[in-house]
Amino acid sequence: MKLNELKLTNPYLNLPAECYDRVKPSPLKKPFLIHANEEVAHMLDIDKDELHTEAFVHFVNGNYQPEGSDTFAMCYAGHQFGHYVPRLGDGRAINIGTLNGWHLQLKGAGETKYSRSGDGRAVLRSSIREYLMSEAMHGLAIATTRALAIIGSGHSVYREEWEKGAIVLRVSPSWVRFGTFEYFAHKKKFKALEALVEYAIAESYPHLQAQNDRYARFYEEVVGRTAKLLAQWQSVGFNHGVMNTDNMSIHGLTIDYGPYAFLDDYDKHYICNHTDREGRYSFGNQPAIAQWNLKALMVALSPMIPQARMEEMLLEYGRLYSTHYIALMAKKLGFTQVKEGDKDIISHLLGTLQQLQVDYTLFFRTLSRYGGDRTALLKLGLYHTPMQEWLDVYDARLKENTTTLSQRHAKMLRTNPKYVLKNYMLQEAIDAAKSGDYRLVDDLYTIARDPFAEHPQFERWAQATPEAFKNRKLSCSS
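About the thresholds
Residues numbered from 1 in each chain as written. Predicted model: local features only at pLDDT ≥ 70, side-chain atom pairs only at ≥ 80, totals over all residues. Heavy atoms only, no water. Helix = DSSP H or I, 4+ residues; strand = E, 2+ residues; numbered from the N terminus. Rg over C-alpha atoms; globule rule 2.2 N^0.38 Å. Buried < 20%, exposed > 50% of the residue type's maximum accessible area, 1.4 Å probe, protein only. Contact = heavy atoms within 4.5 Å. Areas by Shrake-Rupley, 256 points an atom, 1.4 Å probe, with all protein chains shown as cover. Lys, Arg positive; Asp, Glu negative; His and termini not counted. Charge placed at Lys NZ, Arg CZ, Asp CG, Glu CD. Core = buried A, V, L, I, M, F, W, Y, C linked by side-chain atoms within 4.5 Å. Salt bridge = Lys/Arg side-chain N within 4 Å of Asp/Glu carboxyl O. Polar contact = N/O pair within 3.5 Å; in protein donor to acceptor, adjacent residues only side chain to side chain. Phe/Tyr/Trp six-rings, centres within 6.5 Å; stacked < 30°, edge-to-face > 60°. Lys NZ or Arg CZ within 6 Å of the ring centre and 35° of its normal. Pairing = 2+ DSSP bridges.

### A few points about the overall build of the protein
Link 1 in the chain: The helix and strand inventory of the protein stands at 16 helices and 13 strands.
Link 2 in the chain: Its C-alpha radius of gyration of 23 Å places the protein within 12% of the 23 Å reference for a compact globule of 478 residues.
Link 3 in the chain: On the principal axes, the C-alpha backbone points of the protein span a range of 65 × 55 × 40 Å.
Link 4 in the chain: Counting the 478 residues in the protein, one finds 58% classified as buried.
Link 5 in the chain: Pairs at least 24 residues apart make up 73% of the contacts formed inside the protein by residues separated by at least 6 positions.
Link 6 in the chain: Accessible area of the protein: about 19400 Å², with a carbon and sulfur share of 50%.
Link 7 in the chain: In the protein, 56 positive and 55 negative side-chain charges are present, and the distance between their average locations comes to 2 Å.

### Some words on the nonpolar core
Link 1 in the chain: In this structure, Leu148, Phe181, Phe218 and Tyr219 are the most contacted members of the largest nonpolar core, which totals 156 residues.
Link 2 in the chain: With twelve residues, the top contributor of residues to this core is helix α6 (residues 214–236).
Link 3 in the chain: Once residues within four sequence positions are removed from consideration, Leu148 is found in contact with His35, Ala36, Asn37, Val40, Ala41, Leu44, Ile46, Leu51, Phe56, Phe59, Tyr131 and Leu169.

### Quick look at the side chain of Asp276
Link 1 in the chain: Checked against the element boundaries, Asp276 lands in the loop between β13 (261–262) and α7 (286–301).
Link 2 in the chain: Buried and unpaired, Asp276 has no salt bridge, with Arg280 as the nearest side chain of opposite charge at 6.9 Å.
Link 3 in the chain: Separated by 3.2 Å, the side chain of Asp276 and the backbone nitrogen of Gly279 make a polar contact.
Link 4 in the chain: Side-chain polar atoms of Asp276 contact the backbone nitrogen of Arg280, separated by 2.9 Å.
Link 5 in the chain: Sequence-distant contacts of Asp276, that is, excluding residues within four places in its chain, are made with Phe81, Ile271, Tyr281 and Ser282.

### Looking at the packing of aromatic side chains
Link 1 in the chain: One pass over the structure, following the stated rule, counts 28 aromatic pairs.
Link 2 in the chain: On the numbers, 5.4 Å between centres and 70 degrees between planes, the contact of Trp233 with Phe238 is edge-to-face. Across this residue pair, the class does not change: Trp233 and Phe238 are buried.
Link 3 in the chain: Consider the rings of Tyr360 and Phe364, whose centres lie 5.1 Å apart with planes at 70 degrees: the pair is edge-to-face. Taken together, the residues span about one helical turn, with Tyr360 and Phe364 both in helix α11 (residues 360–367) at a distance of four residues. There is no split in this pair, since Tyr360 and Phe364 are both buried.
Link 4 in the chain: Here the aromatic residues Tyr266, Phe283, Phe335, Tyr360, Phe363, Phe364, Tyr370, Trp390 and Tyr394 are joined through ring pairs into a cluster of three or more.
Link 5 in the chain: Across the ring face of Tyr260, the terminal group of Arg129 is positioned such that the distance to the ring centre comes to 4.0 Å.

### Focus: the side chain of Asn273
Link 1 in the chain: Its place among the elements puts Asn273 in the loop between β13 and α7.
Link 2 in the chain: In terms of polar contacts, Asn273 uses its side chain to reach the backbone carbonyl oxygen of Gly241, at 3.2 Å.
Link 3 in the chain: Here Thr275 takes part through its side chain, which lies 2.7 Å from a polar atom of the side chain of Asn273.

### Description of the pattern of salt bridges
A side chain of one charge can pair with a side chain of the opposite charge if their charged atoms are brought near each other.
Link 1 in the chain: One pass over the structure, following the stated rule, counts 31 salt bridges.
Link 2 in the chain: Asp47 is the salt-bridge partner of Lys2, the closest N and O atoms lying 3.9 Å from each other. Placement of Lys2 in the segment before β1 (20–22) and of Asp47 in the loop between α1 (38–43) and α2 (54–60) is noted, with a sequence separation of 45 residues between them.
Link 3 in the chain: Owing to a relative accessible area of 35%, Lys2 belongs among the partly exposed residues under this scheme.

### Overview of unusual backbone geometry
Link 1 in the chain: Phi at Lys30 is positive, roughly 50 degrees, even though this residue is not glycine.
Link 2 in the chain: Exposure remark for Lys30: the relative accessible area of 69% places this residue in the exposed category.
Link 3 in the chain: Backbone geometry at Asp256 places phi at a positive 60 degrees, although glycine is not the residue there.
Link 4 in the chain: Within the secondary structure, Asp256 sits in the loop between β12 (238–239) and β13.

### As for the pairing of strand β9 (residues 146–152)
Link 1 in the chain: The element β9 is largely enclosed, with a buried count of seven among its seven residues.
Link 2 in the chain: Sheet topology places strand β2 (residues 32–36) next to β9; four bridges connect them, and they run antiparallel. Looking at β9, one finds that His35 is bridged to Ile150.
Link 3 in the chain: Across five bridges, the pairing between β9 and strand β11 (residues 162–172) is antiparallel. The residue of β11 that forms the bridge with Ala149 is Leu169.

Structure, rendered in structure tokens:
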């Protein structure tokens, strides 16, 4: 449909008024389109021809508000690095309405009640990172928010230096966070808490609505979805970087892309966020932190659900996570089914990759073509003996497969991406964009949409990360 035919709804505004604050976007100066996502436009039933019009830029910039739009920011709290902060909220994201079940949000559209000392803006570099990574996670079949478009501007924004402002129009089936429940529980506003739970069930778990024990089942399913999501992150080598409870989705999505990173060389101790001095959100610690966050959610929901029952459900998290993770890793290794002993093979492999400082993504893509000749795999490590020893174990395990060599290769090439958007790739695109060249944004978007394809024109990005750029840490500043 055309932009002037859009009709938005605002189901979140049916909640108690303390759940949100109505606020108008503050448009950027001299806006222009950097990229638009035709797949997301189709999902929203927006004609693709509309994406390249001046009206569309105005739409993303917050100038044009379709019929039914009633803009607002959401209120929530959260545990940040383990410490409770009683009020956070959308400090620079403004919700503009709901379309086809997707909630549209402008990130970087100006100050809100929850901006605290911030300006409500987002800079170009962080906006490019969010826009591309949400598409990359979708390309990897990992639950995530999406983005319809990114615009740049002539609007100056100060961080450590003067930069240019940008806005990402991002979409999600839910923007409700663990911290949203914490806000009302800690304030003992239990009627608002109950209304929020009912809303979240209707939005994200509608199959539970008619059940008498829907509140308990709701928590149980959040535990399950979170366990699955974390297993997916670990299997592809994704480090989120800021797993505060206000960055945890009740829907089980990857949200809020900040100082994230995909692993270069495998390092379970890797910390992508340079402000995380103690390594709370290190790559290897992510599954345990998710469980910690689920416990915080349990406490928030305890006025409505017997805590003893939720504790039993939370005890299942470790088993659920392990089951998902081992199944995903077995698939990456080309095993036709999970067998006893596979966990030890996986642990042995990860220890070997850590010892030899092997590029995580490149290793599994190379393994996807392994047929007995070890030359290519041995070249990936600093020395050979540990890899030889693991390959001896792997070869023995492959004899238990029921597929042919060619079938295994085909399956592994569909499972192990050739490309992930590593930080040095994103930085190259950002540096070019600062000079007004957005071609690398287009290129990385192409890779993100189908990371399993060969894309011979992008072969240089399928290699190990250059030594100078490996495992760098990033700032939350955006």
